[in-house]
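Structure assessment
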Amino acid sequence: DVDSLIADFVGQIQSAMGGRNSHYSTAREGVAELKLRLENTMLGKQREFVDCGMPSLTQHKMFPLSSLMLLSGLPSMGKTSWILQAALGTAMKLRENNMAGCVSIHSLEMPLWRLFRRMACMLSGVEWNGIEDGKYGIGSYQFDRFQQALDYIETLPIFVNDDDRQTSAKVV
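Residues numbered from 1 in each chain as written. Predicted model: local features only at pLDDT ≥ 70, side-chain atom pairs only at ≥ 80, totals over all residues. Heavy atoms only, no water.

Below, the discussion takes up the overall build of the protein chain. What the protein chain contains, in helices and strands, is 8 helices and 2 strands. The burial tally for the protein chain puts 23% of its 172 residues in the buried class. Here the protein chain has roughly 12700 Å² of accessible surface; of this, 56% comes from carbon and sulfur atoms. (Helix = DSSP H or I, 4+ residues; strand = E, 2+ residues; numbered from the N terminus. Buried < 20%, exposed > 50% of the residue type's maximum accessible area, 1.4 Å probe, protein only. Areas by Shrake-Rupley, 256 points an atom, 1.4 Å probe, with all protein chains shown as cover.)

The backbone phi angle of Ser76 is positive, close to 60°, even though this residue is not glycine. Mapping Ser76 onto the fold places it in the loop between helix H3 (55-59) and helix H4 (79-96). You will see that Asn98, though not glycine, has its phi angle at about 55°, which is positive.

Another point: the packing of helix H5 (residues 112-124) against helix H7 (residues 141-153). When two helices pack together, their arrangement is given by the angle between the helix axes and the distance between those axes. Close contact between H5 and H7 brings their axes to 8 Å; oriented N to C, the two are set at 115°. Read as a crossing pair, H5 and H7 show a hand that is right-handed. Across from Phe116, Arg117, Met119, Ala120, Cys121, Leu123 and Ser124 in H5, the residues of H7 making contact are Arg145, Phe146, Ala149, Leu150, Tyr152 and Ile153. In terms of residue class, the contact of H5 with H7 is built from 10 nonpolar, 1 polar and 2 charged. (Axes fitted to C-alpha atoms, helices over the stretch in contact; angles between N-to-C directions. Left-handed = near helix turned anticlockwise from the far one by under 90°. Contact = heavy atoms within 4.5 Å. Nonpolar A, V, L, I, M, F, W, Y, C, P; charged D, E, K, R; others polar.)

With that settled, the discussion passes to the side chain of Arg117. Relative to the assigned elements, Arg117 resides in helix H5. Here Arg117 is buried and forms no salt bridge, its nearest opposite-charge partner Glu132 lying at an N-O distance of 4.7 Å. (Lys, Arg positive; Asp, Glu negative; His and termini not counted. Salt bridge = Lys/Arg side-chain N within 4 Å of Asp/Glu carboxyl O.)

It is worth spelling out the nonpolar core at this point. In this structure, Leu88, Val103, Ile105, Met119, Ile131, Ile153 and Ile158 are the most contacted members of the largest nonpolar core, which totals 24 residues. Looking at this core, the elements with two or more residues in it are H4, strand E1 (103-106), H5 and H7. Residue contacts for Leu88: discarding those within four places in its chain leaves Met119, Leu123, Ile153, Leu156 and Ile158. Residues Met54, Leu57, Phe63 and Ala86 belong to the second largest nonpolar core, which totals 5 residues. (Core = buried A, V, L, I, M, F, W, Y, C linked by side-chain atoms within 4.5 Å.)

Moving on, we get to the packing of H4 against H5. Running from N to C, H4 and H5 point in directions that differ by 75°, and their axes come no closer than 10 Å. When the interaxial angle is binned, H4 and H5 end up roughly perpendicular. Residue-level contacts link Thr80, Ser81, Leu84, Gln85, Leu88 and Met92 of H4 to Leu115, Arg118, Met119, Met122 and Leu123 of H5. Considering only residue class, the contact of H4 with H5 consists of 7 nonpolar, 3 polar and 1 charged. (Parallel < 35°, antiparallel > 145°, perpendicular 65-115°, else oblique.)

This part covers the side chain of Ser124. Checked against the element boundaries, Ser124 lands in helix H5. Overall, Ser124 belongs to the buried group, its relative accessible area being 5%.

Our next topic: the confidence of the model for the protein chain. Confidence in the prediction of the protein chain, expressed as mean pLDDT, is 82, and 85% of residues score 70 or more. Model confidence for the protein chain, summarised as mean pLDDT per element, is weakest for helix H8 (residues 168-171) at 62 and strongest for H7 at 95. (pLDDT = per-residue confidence, 0-100.)

Turning our attention to H4. Taking 1.5 Å per residue, 18 residues should reach 26 Å; H4 reaches 25 Å between its end C-alpha atoms and fits that length. Here H4 has its buried residues at Leu84, Ala86, Ala87, Leu88, Gly89, Thr90, Ala91 and Leu94. Remark: Asn98 follows H4 within two positions and exhibits a positive phi of approximately 55°. (Expected span 1.5 Å × (residues − 1).)

This is how it looks when you write it as structure tokens:
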């Protein structure tokens, strides 16, 4: 019978691990970890969330450390702009506060260079079509601002995977 087979298998694993199931922890262990985290937070050594530069999201602590965020919605609703603003703001705050960590972006639709072009446009306030059309040529104020934004973005802890064959299992 299947139930007894599984019970025997689980019993063998538990006995090999000293009788303890690896996914369970005692209340003592959980409280000890919480106390250590609390102490480190009070001393300024640790943070539980990262400020993304968007006050309404920061107020609600929307980006806990070591978290995965998925965003979905209808086409042309501003998903990419919103998430790039949050990612850019988070990376800037990580750098500004000298925090360990990075921002990881997984894009199925947009190539790497286009994501960074959009971020540079956000930071510089320069519209891409002005550069692309030649309206803002090399040496112009707008072109220089765009270049400065690119130079700054290069220093941020942002990593992008733009492989269109990604699966959710590979992302996690």
